[in-house]
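Commentary on secondary and tertiary structure
Residue strings, one per chain:
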Amino acid sequence: MQEQEKFKQLDMRYEEAELRSKRKNPSWIDRAWTFFSSVKVGLWLIALIIIASGVGTIFPQEMYIPQATPPEEFYQKEYGTAGDIYYTLGFHNLFESWWYIGLITLLLLSIIIVSIDRFFPLYRALKKQPVIQSDRFMNGQRFGAEATGDVKTIDAIAPLLEKKGYKVRRQDGALLAEKQRFGRWGPYINHIGLVLFFGGAMLRVVPGMHEDELLWLREGETLPIEATDNQYYLKNEAFNIEFYDPEKVDAKFKKSLEAAGGNVPKNYDTKMTLYKKVGETSDFKPDLEEIKSGETAVNRPFEFDDYQVFQEQYAADPEFKTMSFNIVNQKTDKVVDTIKVDLREPKETYALKDGYEVELKDFLPDFVVKDGQPTTNSGRPVNPAFVFSIKSPEHPKGERSLIGIKLNVGGDENQYKMAFAGTELSNISGVRIKKDLTLPFLFAGGIIFMTGLLIGMYWPHRRLWLKEKNGRIQVAGFTNKNALGLQKEANLALTEVGLPELEDRQKLREEGEAK
């Protein structure tokens, strides 16, 4: 009972090695080192990162909102005051914000410092651990036993422990048996994995390591890919979409389709051609060389170099591609000629037969009237309107009119008017261009982290010390995990050579205190 009360277990986490973070008279560098080597600091940083990441998923990030709407307008319009606060605080672009990257940097610094602070002293202590330990050390281990005996008893137990996978060392009759030392390195392997993982996440802000761009392509349109520094161009050759037919699906799906209302897409894809800019033409336009053709569909990306092009969205309503107009003599009701206006690249002048000419004075792709003045809401031809001037032999200076959908201002007073003759529509495909060179770091970090976790959980570090002194044999045991497993394994060998089983001194002390 007296021995139990005197028992004081040694802290074997770092083999009683001196850590820099535990120095008694620290300098300011030591204080900074101690701060970042604190586990509490690391846990607080992890908690802040988790909370910030959670807040960042409340509303969609900027890259996933409609590109035609400015972010500040979108969040306020869609989510009200909460959205406005969300945007103001920078959560709309959270994962690339300076303070989020700063938190990850501080966490990386903490992980690196805590690893250096603990690993190297522990490594040196384990590498140079003596076979013969002091009485204080032997009595300070959680597991121990003592009995009469001599060196021959220790000699007999050595081969038994070796059969159980222990590496046995001897010195002056004493014995140290050790197995699975690598289990102590599990947490530090975890740290290496975390450094790679979070380091990979930080690399996303490095130019060229991570690109993510949403590109809207009209059928027949060729646009540069900004993610490639405009070195590559994509052309939308054709967009195809297939809808579910409620009459051809199982009855269990029919109700769902009817509840969804309207057409439900089954599959959609874009046939495209990739070009590379090789120079400029004489009129300063990009000189393009065709690289490859193919298609992108949902979950089937079109690939080139380190980039992937994913089919992500499409415009629910087709866009106007061209509009045709007849030039009509209102006195005779005869059509003089017809012009076709390409809404993507409208001409300024359209020369017609017999000396007639039409000038496009203004083009308003998305026509609205604000403060009494005609203007456009956006650059997309959603509600196009035109200001034309028709030059004729009778009116060489031109007759001006404003023409749009269900709109004709000024045309009734003129001799010649523009009459709507037809239109061509164009589907619009939304493709996501991605490049991510950080994925190998993320995958490697995740695999290394899981490896360290498994090592730390399933391979406990076990040691047994035996020494003879004055006709008595002292036994001490240590394990960093699974204490019962050490007892069972060691007791089989101890009892076979006539030594007593290991006692759990900590348990005995707790039971004594309880009494």
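Below you will find a few notes about this structure. From a predicted model like this one, the values you see are computed outputs, not experimental measurements.

Remark on secondary structure: sheet strands pair via backbone hydrogen bonds, oriented parallel or antiparallel. Read across the sheet, 3 strands follow the order E12-E11-E20 without closing on themselves; strand pairing throughout is antiparallel. With partners counted over all chains shown, the strands left at the sheet margins are strand E12 (334-342) and strand E20 (416-426), one partner each. Going across the sheet, the axis of each strand differs from the next one's by a mean of 20°, ignoring polarity. Note that strand E11 (residues 319-329) and E12 share 8 bridges and pair antiparallel. In the strand pairing of E12, isoleucine 327 is matched with aspartate 337.

The set of residues buried in helix H7 (residues 151-163) consists of Thr153, Ile154, Ile157, Ala158, Leu160 and Leu161. The inward-facing, buried residues of H7 contact strand E2 (167-171), strand E3 (174-179), strand E22 (462-469), strand E23 (472-479) and helix H11 (483-496). A side-chain oxygen of the first residue of H7 lies 3.1 Å from the backbone nitrogen of lysine 152; this N-cap is aspartate 150.

This paragraph deals with unusual backbone geometry. Unlike most non-glycine residues, aspartate 333 shows phi in positive territory, near 60°. Tracing the backbone through its elements, the reader meets aspartate 333 in the loop between E11 and E12. Its identity as a non-glycine residue notwithstanding, asparagine 470 has a phi of 55°, on the positive side. Position of asparagine 470 among the secondary structure elements: in the loop between E22 and E23.

Each pair of packed helices can be described by the angle between their axes along with the distance between the axes. Helix H10 (residues 439-458) packs onto helix H8 (residues 186-202) with a crossing angle of 165° between their chain directions and a minimal axis gap of 7 Å. As the angle between them shows, H8 and H10 are arranged roughly antiparallel. The crossing of H8 and H10 is left-handed. Here Gly186, Ile189, Asn190, Ile192, Gly193, Leu194, Leu196, Phe197, Gly200 and Ala201 of H8 lie close against H10, whose contacting residues are Phe441, Leu442, Ala444, Gly445, Gly446, Ile448, Phe449, Gly452, Leu453, Ile455 and Gly456. Of the residues belonging to the contact of H8 with H10, the class tally is 13 nonpolar, 8 polar and no charged.

Reading guide: rules and limits
Residues numbered from 1 in each chain as written. Predicted model: local features only at pLDDT ≥ 70, side-chain atom pairs only at ≥ 80, totals over all residues. Heavy atoms only, no water. Pairing = 2+ DSSP bridges. Helix = DSSP H or I, 4+ residues; strand = E, 2+ residues; numbered from the N terminus. Axes fitted to C-alpha atoms, helices over the stretch in contact; angles between N-to-C directions. Buried < 20%, exposed > 50% of the residue type's maximum accessible area, 1.4 Å probe, protein only. Contact = heavy atoms within 4.5 Å. Polar contact = N/O pair within 3.5 Å; in protein donor to acceptor, adjacent residues only side chain to side chain. Parallel < 35°, antiparallel > 145°, perpendicular 65-115°, else oblique. Left-handed = near helix turned anticlockwise from the far one by under 90°. Nonpolar A, V, L, I, M, F, W, Y, C, P; charged D, E, K, R; others polar.

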